[in-house]
There are 2 protein chains.
Amino acid sequence: MEVGSSSHEKDGLFARGWWWLKAMIIGVVQKIIKLGQDDPRRVIHSLKVGIALTLVSLIYYSRPLYDGFGAAGMWAVLTVVVVFEFTVGATLGKGLNRGFATLLAGALGVGAHHFASLCGEKGEPIILGLSTFLIAATSTFSRFFPRIKRRYDYGVVIFILTFSLVSVSGYRVDKIIKMAHQRLLTIIIGGVTCVTVSIFICPVWAGEDLHNLVAQNMEMIANFLEGFGGEYFRSPEDGDSPVISKNQKPFLKEYKSVLNSKATEESLANFASWEPGHGCFRFRHPWKQYLQIGTLNRQCAYLVEALNGCINSEIQVPSEFRKKIRKACTDMSLECGNALKELALAIKEMRQPCLADPPVESAKTAAGDLKTTLKTAFIENSDLLAIMSAATVASLLVEIVHCTDKIAKSVHELANLAHFKKVDPTLTPEKPYLLHRGTIKPLSEADSPHHVGITIPNLPTTTTESVHLECVNNIINT
Amino acid sequence: MEVGSSSHEKDGLFARGWWWLKAMIIGVVQKIIKLGQDDPRRVIHSLKVGIALTLVSLIYYSRPLYDGFGAAGMWAVLTVVVVFEFTVGATLGKGLNRGFATLLAGALGVGAHHFASLCGEKGEPIILGLSTFLIAATSTFSRFFPRIKRRYDYGVVIFILTFSLVSVSGYRVDKIIKMAHQRLLTIIIGGVTCVTVSIFICPVWAGEDLHNLVAQNMEMIANFLEGFGGEYFRSPEDGDSPVISKNQKPFLKEYKSVLNSKATEESLANFASWEPGHGCFRFRHPWKQYLQIGTLNRQCAYLVEALNGCINSEIQVPSEFRKKIRKACTDMSLECGNALKELALAIKEMRQPCLADPPVESAKTAAGDLKTTLKTAFIENSDLLAIMSAATVASLLVEIVHCTDKIAKSVHELANLAHFKKVDPTLTPEKPYLLHRGTIKPLSEADSPHHVGITIPNLPTTTTESVHLECVNNIINT
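Residues numbered from 1 in each chain as written. Chains lettered and ligands numbered in written order. Predicted model: local features only at pLDDT ≥ 70, side-chain atom pairs only at ≥ 80, totals over all residues. Heavy atoms only, no water.

Description of the relation of the copies chain A and chain B
In screw terms, the move from chain A to chain B is a rotation of 180° and a rise of 0.0 Å along the axis, fitting with an RMSD of 0.1 Å. Such a turn and shift between the copies fits a two-fold axis. Closest to the rotation axis within chain A is the C-alpha of T392 of chain A, separated from it by 2.2 Å. (Least-squares fit on C-alpha atoms with pLDDT ≥ 70 in both.)

Focus on helix 7 (residues 146-169) of chain B
Residue and element names in this part refer to chain B. Here helix 7 contains 24 residues, and its C-alpha end-to-end distance of 32 Å stays within 8% of the 34 Å for a straight helix at 1.5 Å per residue. Along helix 7, the sharpest change in direction is near 85° and occurs at Y152. Counting buried positions along helix 7 gives 17 out of 24 residues, so the element sits mostly inside the fold. (Helix = DSSP H or I, 4+ residues; strand = E, 2+ residues; numbered from the N terminus. Expected span 1.5 Å × (residues − 1). Bend = angle between axes of the 7 residues up to and from the residue. Buried < 20%, exposed > 50% of the residue type's maximum accessible area, 1.4 Å probe, protein only.)

What about the interface of chain A and chain B?
With 77 residues of chain A in contact, the opposing surface of chain B contributes 78 residues. Taken together, the two surfaces of chain A and chain B that pack against each other cover about 7100 Å², and 75% of this comes from carbon and sulfur. Taken together, the links from chain A to chain B amount to 0 salt bridges. Put simply, chain A and chain B have 4 residue pairs in polar contact (both at pLDDT 80 or more) between them. Taken together, the residues of the side of chain A that touches chain B break down into 47 nonpolar, 18 polar and 12 charged. (Contact = heavy atoms within 4.5 Å. Buried area = accessible area lost by both parts, 1.4 Å probe. Salt bridge = Lys/Arg side-chain N within 4 Å of Asp/Glu carboxyl O. Polar contact = N/O pair within 3.5 Å; in protein donor to acceptor, adjacent residues only side chain to side chain. Nonpolar A, V, L, I, M, F, W, Y, C, P; charged D, E, K, R; others polar.)

Focus: a positive patch on the surface
A cluster of basic residues, K31 of chain A together with R147, R150 and K288 of chain B, forms a positive patch at the surface. Along the polypeptide, R150 of chain B turns up in helix 7. (Patch = residues over 30% accessible without salt bridge, like charges linked within 9 Å, V, L, I, M, F, W, Y side chains within 5 Å. Areas by Shrake-Rupley, 256 points an atom, 1.4 Å probe, with all protein chains shown as cover. Lys, Arg positive; Asp, Glu negative; His and termini not counted. Charge placed at Lys NZ, Arg CZ, Asp CG, Glu CD.)

What about the confidence of the model for chain A?
Residue and element names in this part refer to chain A. Of the residues in chain A, 79% have a pLDDT of 70 or more, and the chain-wide mean is 79. Looking at the elements of chain A, mean pLDDT is at its lowest for helix 18 (residues 463-477), recorded as 36, and at its highest for helix 13 (residues 262-272), recorded as 92. Segment residues 428-478 is flagged for pLDDT under 50; beyond a separation of four residues in sequence, or across chains, it makes 67 contacts in the model. Model confidence for the complex: the whole-complex pTM is 0.81, and ipTM, which rates the interface, is 0.80. (pLDDT = per-residue confidence, 0-100.)

Some points on the domain arrangement of chain A
Residues and elements named next belong to chain A. Taken domain by domain, chain A comprises domain 1 (1-35), domain 2 (39-200) and domain 3 (206-437). At the junction of the two partners, domain 2 supplies 12 residues and domain 3 supplies 8 residues. Taking both partners together, domain 2 and domain 3 bury about 880 Å²; carbon and sulfur atoms supply 60% of that area. Summed over the shared surface of domain 2 and domain 3, the number is 1 salt bridge. Across the salt bridge formed by D209 and R41, the nearest N and O atoms sit 3.0 Å from each other. If you look at where domain 2 meets domain 3, you find 4 residue pairs in polar contact (both at pLDDT 80 or more). Per-element tally for the side of domain 2 that touches domain 3: the top contributor is helix 5 (residues 88-117), with 7 residues. Tallied by class, residues from the side of domain 2 that touches domain 3 come to 5 nonpolar, 4 polar and 3 charged. (Domains from an automatic or database assignment.)

Re unusual backbone geometry
Despite not being glycine, M350 of chain A has its phi angle at roughly 50°, a positive value. Its relative accessible area of 10% is what places M350 of chain A among the buried residues. For H419 of chain B, which is not glycine, the phi dihedral falls at a positive 50°.

Some points on a nonpolar patch on the surface
Where nonpolar side chains cluster on the molecular surface, the patch consists of W18, W19, W20, L21, M24, I25, V28, V29, I32 and I33 of chain A and spans about 1000 Å² of accessible area. Note on placement: L21 of chain A falls in helix 1 (residues 2-38).

A short note on the UniProt feature "transmembrane region" (unreviewed entry) in chain A
Those places that UniProt annotates as "transmembrane region" (unreviewed entry) correspond, in this numbering, to residues 45-62, 68-88, 100-120, 126-145, 152-172 and 184-206 of chain A. Counting secondary structure, residues 45-62 of chain A comes out at 94% helix and 0% strand; the distance between its end C-alpha atoms is 26 Å. (UniProt positions renumbered as here; feature names shortened; annotations may be inferred.)

Description of empty space enclosed by the protein
Summed over all chains, the structure comprises 10 cavities of 30 Å³ or more. Approximately 90 Å³ is the volume found for the largest cavity. Lining the largest cavity are F321, L374, L384, I387, M388 and A391 of chain A together with F321, L374, L384, I387, M388 and A391 of chain B. Broken down by secondary-structure element, the contributors of at least two residues to the lining of the largest cavity are helix 17 (384-417) of chain A together with helix 17 (384-417) of chain B. In terms of residue class, the lining of the largest cavity is built from 12 nonpolar, no polar and no charged. (1 Å grid on protein atoms, 1.4 Å probe; cavity = no way out; pocket = protein on both sides within 12 Å on 5 of 7 lines; lining within 4 Å. Points joined across faces, edges and corners; volume = space filled by probe spheres on them.)

So, the packing of helix 5 (residues 88-117) of chain B against helix 6 (residues 120-142) of chain B
Residues and elements named next belong to chain B. Two elements in contact, helix 5 and helix 6, have axes separated by 8 Å at closest approach and are oriented at 150°. For the element pair helix 5 / helix 6, the angle class is roughly antiparallel. Read as a crossing pair, helix 5 and helix 6 show a hand that is right-handed. Listed contacts from helix 6 to L108, A112, H113, F115, A116 and S117 of helix 5 are G120, E124, I127, L128, S131 and I135. Classifying every residue of the contact of helix 5 with helix 6 by side-chain character gives 7 nonpolar, 4 polar and 1 charged. (Axes fitted to C-alpha atoms, helices over the stretch in contact; angles between N-to-C directions. Parallel < 35°, antiparallel > 145°, perpendicular 65-115°, else oblique. Left-handed = near helix turned anticlockwise from the far one by under 90°.)

Shown next as structure tokens:
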């Protein structure tokens with residue numbers, strides 16, 4: 001019986017182990033699929049690396065190439081593995097850094113070797129050791145300069161590496177010039193393979209990523225602002241328990257990724273500056289301007305973060321005061337949201353952001369209205385504590401209006417610097433809200449024969465209504 | 001005459017060129033000196049890299065070593081250049097990644113080579129090419145997993161590199177096992193040299209840096225808060241033109257570096273987790289807790305950023321209202337500053353942060369006082385606009401008090417997790433303010449025979465007075 005029960009136990013253990021293993025494998029597979037689905041370019045990038053590496057391995061497989069390069073072919077493999085990055089800009093930057101650093105350090109190494117050989121057999125290792133030490137120490141120190149760190153860090157590492165290898169190997173290998181020549185050639189082959197594969201097979205442009213990231217961050221802030229008014233000024237009668245609803249409203253948390261976007265934006269801007277012109281971007285596209293807009297985006301996000309803290313405030317604002325400021329605050333928040341969405345869309349479509357000016361002006365007007373309301377407001381009960389939270393919200397919203405204005409100016413500057421296209425003149429200023437969803441392109445009379453030209457004098461600004469209008473618009477156009 | 005004037009012009013040009021060159025050189029030299037003075041460890045690090053590189057070059061210079069390793073010695077040089085990083089943790093992490101990845105990929109490469117050789121002369125390159133492609137593509141994809149990216153990114157790169165080199169070179173070189181063995185050995189020599197130099201010559205510990213960075217960020221926020229009350233509630237009669245003073249008050253801008261500290265903290269925590277125990281830090285020091293404190297620091301900094309916007313507000317708060325909230329607001333800000341300074345000091349000195357509890361409690365009391373004041377406040381004029389900015393300040397300060405409380409709890413948790421030392425029981429709770437400057441160590445009766453034991457019943461909390469007290473304290477002790 002005991003044997004039976006222990007074998008039962010074993011079976012149980014095996015079953016559990018098997019179940020556990022299966023669960024783990026399924027989990028990993030699901031993660032892999034999700035990672036690929038989130039950004040299919042990841043899968044393509046992986047295949048591209050495989051292709052580039054297999055291509056340079058051909059040096060080893062084909063006899064004529066191998067006879068030409070010999071063991072130096074390994075430098076091509078090494079270059080591909082180390083240089084191939086996700087974006088074209090990063091790959092180009094690393095490739096150029098590697099190429100020039102190798103050239104420079106190779107020449108210096110040969111020079112050092114020649115100079116050392118003049119100093120006799122005993123002096124040679126001393127001179128070489130000393131020069132290696134000096135070059136390594138000074139170059140390493142230069143990596144602490146922020147400007148060098150940002151753009152030439154990899155180049156400096158390769159410079160130290162090549163100098164040490166060439167000058168030191170030269171001490172034994174006689175045909176030093178031939179070796180340096182072979183290495184440089186194979187590194188160039190590796191680098192060119194990387195860059196070619198990176199550019200010609202589904203390229204990922206850092207510049208485009210930066211362009212989209214900045215617009216997307218703006219949109220996330222806009223989503224918060226569009227939703228904030230409704231969230232904060234929701235009266236208890238509106239129903240909809242706040243506990244349930246908050247988890248179902250991603251816009252309340254989405255913007256948080258903007259807070260820590262600095263590092264990503266800076267590295268993308270750096271990579272972008274290595275890229276040639278591509279798509280709608282010329283060679284010297286004003287990438288730095290994106291960083292400025294990004295900084296303003298973050299400033300706005302800090303204010304939004306403070307605003308978000310007010311949603312959870314426990315103190316109930318008296319309904320009388322709430323009513324007084326509700327319109328102005330909701331308008332400010334909504335119009336800022338509209339303006340930011342329009343700015344993001346203008347960036348995405350690379351056109352002048354003139355359509356963002358009316359909502360910015362409306363937001364400013366709303367801020368002015370609020371000031372007037374507050375100046376003439378009369379509080380019946382003197383409980384300042386109760387209105388403090390609402391006053392904070394109002395005050396932060398006014399700051400956000402200022403910030404939105406700054407963002408709009410910065411985007412205008414970008415549009416001028418980058419020569420974004422002028423907006424279609426058939427679009428009247430009354431129509432901007434028709435364009436908010438991003439999928440609808442501006443209409444011109446020519447390509448919309450069924451466009452019946454509805455003009456709505458005082459276009460409502462609330463989101464639901466603008467969605468309705470879009471539907472109408474869609475129906476008219478189909 | 002013409003010749004004379006043109007030679008004069010030439011002289012002028014040369015003089016200007018020379019002047020320009022001299023100015024540039026002086027500028028660069030000044031920058032170098034500043035870079036070294038800001039953190040002398042940079043100079044030491046550069047020298048360390050030079051030493052390590054010269055040491056491994058010895059393989060080439062000494063005949064017995066060179067005969068043993070041959071050209072594989074270059075892998076030692078390569079390893080040192082690529083693996084040697086500023087902190088011990090980063091160096092160790094890269095070294096271990098490189099070592100294990102080489103071992104694993106070498107074994108796999110040899111296996112792939114053996115398997116391919118079974119498939120006949122025609123099949124061999126196909127099998128090898130296919131395996132290179134597959135390994136490169138899957139490994140590259142794995143680099144997109146955040147967890148792998150964070151800790152093993154370099155290892156994966158080296159894995160792909162070594163696998164390609166071993167399996168592909170093996171196609172030509174017969175003594176593949178010997179080659180793999182030589183390479184591994186030289187890589188180990190390079191890695192061990194790096195780690196040894198990194199640890200035994202003036203080590204830079206990432207853990208220590210993280211520890212200090214978190215404390216320093218807290219201090220910068222504290223500096224702002226300590227100064228804010230005086231800055232915001234300065235009456236016009238106090239003199240001191242705001243335009244001049246703001247540039248002379250670095251605490252108003254210092255805290256901004258906290259806003260973007262996330263990336264630095266995360267990479268330091270990652271490096272720290274590779275480090276062995278050192279100084280006061282055990283092997284498994286709770287580095288993750290520092291990240292949590294860092295996140296709370298940033299949350300506090302976002303509020304401070306919003307608060308900073310209020311300093312520049314143009315609207316003048318009516319003096320009557322200002323007076324009402326002045327005490328509570330100044331107290332909140334000052335006590336939060338005190339608490340954060342004390343917490344930072346406790347972290348730095350690795351002791352239980354109990355001394356921060358009284359100021360946290362005082363800040364909470366001040367927040368309560370503010371609520372009471374506001375509840376009973378009676379506004380004579382109904383101009384809400386004028387008090388809005390002050391209400392925002394008050395409201396943000398209340399949020400900051402909450403945040404400080406959270407930080408204090410998080411630091412307490414850290415102190416428990418990391419077994420920080422208990423506070424000297426001879427210190428009475430009345431004395432905390434004597435400890436604020438960081439240079440003064442807690443006094444015990446034994447080591448301060450001239451300590452006359454002044455007891456000051458209600459210790460003032462303003463900064464200037466605590467500085468005076470310190471001076472008194474210094475005089476007594478010397």
